Amino acid sequence: MKNLRHLILLIDFKGHPPLGDEHTNNLRYSALNTLAFGLSKDLLEDFVFVSDHLDFHVEHEKVFEVKKMITAENRHTWINIDPDEPITVPEIVDMLKEKNIYINNVIIGGTNTAGCVLRSRPYSAIHWAEQGYNVKIFLQMCAEYQMPGSNQAERNMHAYAEMWKEIKSQGLIHKIDPVTNMTDLFKEK
């Protein structure tokens, strides 16, 4: 029997906190903690977290602390990948298969929603969808720092609009789903 798991992919999750507002920065870690440690026993799932943050980087302190808590409680599997290495979706899938982990669906959170999260990394949402995976972009775990706007809300609005246009233009509306409600992360599309 296959060991099916939800993949929680953290892409540049730390981001650029000085460029964002405190609410957005805190919301992202709150959503991550809720996923990692459960809203309730009913929603507690067995995940595999893949993060493109390396433990020895002091600037990723919060991400490292979440990993330490998950590891200490032996709750989920956590794997770090090097953000400077161009690892692809098939390579991540193969790495997980070596650990007898198979992906049920992909949930992504991170920085620069319309860029790194959606398309600009070889393991961004579009690349998972092109490989046949159902992808959910959990907007509470995303932040946009590069889009125009006078505040975080405006930058996020621009990013979400750009993201949706790109999903439609790529013909991936049945494979990539932007989600705001945590319970929708686990519903079949």
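Residues numbered from 1 in each chain as written. Predicted model: local features only at pLDDT ≥ 70, side-chain atom pairs only at ≥ 80, totals over all residues. Heavy atoms only, no water.

1. As for the layout of surface pockets
The condition is simple: Definitions used throughout: a 1 Å grid over protein atoms alone; a cavity as a set of points that fits a 1.4 Å probe which cannot get out; a pocket as an open set with protein on both sides within 12 Å along at least five of seven lines; a lining residue as one with an atom within 4 Å of a point. Grid points are joined across faces, edges and corners, and a volume is the space filled by probe spheres set on the points. Think of it this way: any DSSP run of H or I at least four residues long counts as a helix, any run of E at least two long counts as a strand, and we number them from the N terminus. Note that Gly is not counted as nonpolar here; it falls among the polar residues with everything else outside the nonpolar set of Ala, Val, Leu, Ile, Met, Phe, Trp, Tyr, Cys and Pro and the charged set of Asp, Glu, Lys and Arg.
If you add up the space inside the largest pocket, you get close to 170 Å³. Lining the largest pocket are 13 residues, with Thr24, Leu27, Leu139, Asn156 and Tyr160 sitting closest to its centre. At the level of elements, helix 1 (22-37), strand 5 (135-143) and helix 6 (152-169) are the ones that each hand at least two residues to the lining of the largest pocket. Residues of the lining of the largest pocket, tallied by class, amount to five nonpolar, six polar and two charged.

2. Concerning the sheet that holds strand 3 (residues 77-80)
To keep it simple, the criterion reads: Strand pairing is assigned whenever DSSP identifies at least 2 bridges connecting the two strands. Under this scheme, a helix contributes an axis fitted over its contacting stretch, all axes are lines through C-alpha atoms, and angles between N-to-C directions fall in the 0 to 180 degree range. Note on definitions: a residue-residue contact is assigned when non-hydrogen atoms from the two residues lie within 4.5 Å.
With parallel pairing, six strands are arranged side by side in an open sheet as 3-2-1-4-5-6. Looking at strand neighbours, the two that pair on one side only are strand 3 and strand 6 (176-179), the edges of this open sheet. Strand-to-strand twist of the sheet, defined as the mean angle between neighbouring strand axes without regard to direction, takes the value 25°. Two elements, strand 4 (residues 102-111) and strand 5, share five bridges in a ladder whose sense is parallel. Bridge assignment links Thr111 to a residue of strand 5, and that residue is Ala143. Taken strand by strand, helix 2 (residues 61-72) contacts strand 2 (47-51) and strand 3, and its axis lies near 145° from that of strand 3.

3. A word on the side chain of Asp12
Selection criterion: We call a residue buried when its accessible area falls under 20% of the maximum for its residue type, exposed when it is over 50%, and partly exposed in between, using a 1.4 Å probe and counting protein chains only. Under the convention used here, Asp and Glu are negative, Lys and Arg are positive, and both His and the chain ends fall outside the count. Definition used for salt bridges: Asp or Glu carboxyl oxygen within 4 Å of a side-chain nitrogen of Lys or Arg.
Within the secondary structure layout, Asp12 lies in the loop between strand 1 (4-11) and helix 1. Arg121 provides the closest opposite charge to the buried, unpaired Asp12, separated from it by 4.6 Å. When sequence neighbours within four positions are dropped, the list of residues in contact with Asp12 reads Arg28, Asp52, His53, Gly110, Thr111 and Arg121.

4. Considering the pairing of strand 2
Strand 2 sits mainly inside the fold: five of its five residues count as buried. Burial along strand 2 is two-sided: the residues Phe47, Phe49 and Ser51 and Val48 and Val50 are all buried. As paired strands, strand 1 and strand 2 are joined by five bridges and run parallel to one another. Bridging across to strand 2, Leu10 finds its partner in Ser51. Relative to strand 3, strand 2 runs parallel, the two sharing four bridges. Within the sheet, the bridge partner assigned to Val48 lies in strand 3 and is Thr77.

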